[in-house]
Amino acid sequence: MLVTAKEMLEKAVAGHYAVGQFNINNLEWTKAILTTAQELNSPVILGVSEGAGKYMAGYKTVVGMVKGMMEELNITVPVALHLDHGSYEGCLKCVEAGFSSIMFDGSHYPIEENIAKTKELVKICAEHNMSLEAEVGSIGGEEDGVIGMGECADPNECKAIADLGVTMLAAGIGNIHGKYPANWKGLSFETLAAVKELTGDMPLVLHGGTGIPADMIKKAISLGVAKINVNTECQLSFADATRKYIEAGKDLEGNDVDDSIFSANAVTVVNFWFNGCKPCVAELSKLNELNETLKGMGGELIGINTETLDGNKSGIEEALKLLESQGASYRNIYFDSDTEAGRYAGNIMAFPTTILIDRNGNIVGEPFLGGIDNQDNYDQLLEQINAVVAADSNNK
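Residues numbered from 1 in each chain as written. Predicted model: local features only at pLDDT ≥ 70, side-chain atom pairs only at ≥ 80, totals over all residues. Heavy atoms only, no water.

**Student:** I'd like a description of the state of the cysteines, backed by residues and values.
**Tutor:** One pass over the structure, following the stated rule, counts one disulfide. Two residues, C277 and C280, share a disulfide whose sulfurs are 2.4 Å apart. Measuring handedness by torsion sign, the sulfur bridge of C277 and C280 sits at about 75° and is right-handed. Left without a disulfide partner, C152 is nearest to the cysteine sulfur of C158, which lies 10 Å away. (Disulfide = S-S within 2.5 Å.)

**Student:** Before we move on, could you go through the pairing of strand β14 (residues 353-357) and cite the residues and values that matter?
**Tutor:** Extensive coverage of β14 is indicated by the burial of five of its five residues. Alternating positions in β14 separate into two faces, T353, I355 and I357 on one and T354 and L356 on the other, with burial throughout. Looking at chain direction, β14 and strand β15 (residues 363-369) are connected through four bridges and run antiparallel. Pairing of I357 across the sheet is with I363, part of β15. Adjacent in sequence and paired antiparallel, β14 and β15 are bridged by five residues, among which G361 carries a positive phi angle near 85°. (Buried < 20%, exposed > 50% of the residue type's maximum accessible area, 1.4 Å probe, protein only. Helix = DSSP H or I, 4+ residues; strand = E, 2+ residues; numbered from the N terminus. Pairing = 2+ DSSP bridges.)

**Student:** Report on the sheet that holds strand β4 (residues 101-104), specifying residues and quantitative values.
**Tutor:** The sheet built from eight strands closes into a barrel, its strands ordered β1-β2-β3-β4-β5-β8-β9-β10 with parallel pairing. Across this sheet, the average inter-strand angle for adjacent strands is 25°, counted without regard to direction. Sheet topology note: the strand β5 (residues 131-136)/strand β8 (residues 168-171) ladder contains four bridges and is parallel. Looking across to β8, one finds that A134 is bridged to L169. The sheet contacts of helix α2 (residues 27-39) involve β1 (19-23), β2 (44-49) and β3 (79-86), and relative to β2 the element is tilted by about 165°. (Axes fitted to C-alpha atoms, helices over the stretch in contact; angles between N-to-C directions. Contact = heavy atoms within 4.5 Å.)

**Student:** Run through helix α13 (residues 284-295), naming residues and quoting values.
**Tutor:** Note that an α-helix has 3.6 residues per turn; residues three or four places apart therefore point the same way. Compared with an ideal rise of 1.5 Å per residue, which puts twelve residues at 16 Å, α13 spans 17 Å between its outermost C-alpha atoms and is within 8% of the ideal. Of the positions making up α13, those classed as buried are L284, K286, L287, N288, L290, N291 and L294. Tucked into the core, α13 has its buried residues touching β11 (268-273), α12 (278-282), β12 (300-305), α14 (313-325) and α16 (375-394). (Expected span 1.5 Å × (residues − 1).)

**Student:** Pulling in residues and values, what's your account of the packing of aromatic side chains?
**Tutor:** Evaluation of the coordinates by the stated rule reveals six aromatic pairs. Here Y59 and F99 contribute two aromatic rings whose centre-to-centre distance is 5.6 Å and whose plane-to-plane angle is 90°, an arrangement assigned as edge-to-face. Taken as a pair, Y59 in helix α4 (residues 59-72) and F99 in the loop between α5 (88-97) and β4 lie far apart in primary sequence, 40 residues in all. Comparing Y59 with F99, the two get one shared label, buried. (Phe/Tyr/Trp six-rings, centres within 6.5 Å; stacked < 30°, edge-to-face > 60°.)

**Student:** So what's going on with the packing of α5 against helix α6 (residues 111-127)? Which residues, and what values?
**Tutor:** Running from amino to carboxyl end, α5 crosses α6 at an angle of 5°, the nearest separation of the two axes being 11 Å. Taken together, α5 and α6 sit at an angle that is classed as roughly parallel. In this structure, α5 uses Y88, C91, L92 and V95 to contact α6, whose residues at the interface are K117, E120, L121 and I124. Its residues placed into classes, the contact of α5 with α6 shows six nonpolar, no polar and two charged. (Parallel < 35°, antiparallel > 145°, perpendicular 65-115°, else oblique. Nonpolar A, V, L, I, M, F, W, Y, C, P; charged D, E, K, R; others polar.)

**Student:** Tell me about the sheet that holds β15, residues and numbers included.
**Tutor:** Taking strand neighbours across the sheet as the criterion, the five strands line up as β13-β12-β11-β14-β15 in an open arrangement whose pairing is mixed. Two strands close off the open sheet at either side, each with one partner strand: β13 (331-333) and β15. Taking each pair of neighbouring strands and ignoring which way they run, the sheet shows an average axis angle of 25°. Along the sheet, α13 contacts β11 and β12; its crossing angle with β12, the most-contacted strand, is approximately 145°.

**Student:** If you had to explain helix α1 (residues 6-15) to someone new, which residues and values would you point to?
**Tutor:** The complete set of buried residues in α1 reads M8, L9, A12 and V13. Projected onto a plane normal to the axis of α1, the buried residues spread over an arc of 140° and lie on a single side. Facing away from the buried side of α1 by over 90 degrees, the exposed positions are E7 and A14. In this structure, the buried residues of α1 make contact with β1, β2, β3, β8 and β10 (225-230). Of the residues trailing α1, H16 is marked for its positive phi of about 60°. (Arc of directions from axis to C-beta.)

Below, the structure written as structure tokens:
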């Protein structure tokens, strides 16, 4: 379940470390961030800008996606779903949609209006058990059309906002969104120290985390920063990897079954199965026995589990357990569903199904339906196999 950012940030302040906020822009980003956080046993904050929220079909869609993914992936680390640089109206929409945390960016308003709107949201967040981030002093660069010059916040204004009861505070200290220019002057630790002195143990937020040198990051944490936002670095990495993938022509490559699998065998017996199919599991040991017979005939048996297509990790793990439990050690392979072999597997209507493939990669005869743990079925299949092997011998 989603949690507020309050507890994780209080622990970060006490432990002198920072929690990362990583912005999500689609399903792939969300999955990568959640699985990495789980792997590292780290709390994480998923940031959603108003632009990204619109792109992903609205805030309710985002909440449903994140909650569903956490359940399916068994994510157990603390996860907060947080609106990043929200308008007042955007904040209200995220409250309604089920976010666990919001940021109200009132830095472009006069301080009096920033205080008034923040005060209203403090009350609303308390009623809905949500955490609230406020901002004083605009962050440099552009975020969803809001352009900041990278100014330094007034520590007294920061205290005025902090005293309203917000959960965390983003104070401008010369940081910017996007890439840092070569002539960037660095973070103003003098400003950060002054803010820290007036706000006490209030968790402070450092926006624009991409490109800030590690020593500055560490010093900022020592001065009360407990949350660091990262988006640009993920954007750059994603764009670079995508560009290289396409330029290398990998988007045009299939991951189909290589014909070399068949060329070395007089006959290749391919058995299609899936984990939840009882007849499929029942014949695994008999298939292993058949594979040993095939080896003596210059052939091989290969298993294709349709739940392992596209490298489905959970499907592969379950298939391996079933194979081991039945003492089946013959080769099983998987491949992309969007290939000729993948589409063939996807169109199979009855399981188990077994096909025979000759040395040239051609399917021979009709698909064989039914489990070969039945002796009559086994004998019929073996008869077909002998015919293919005999034909292969005659063609040499």
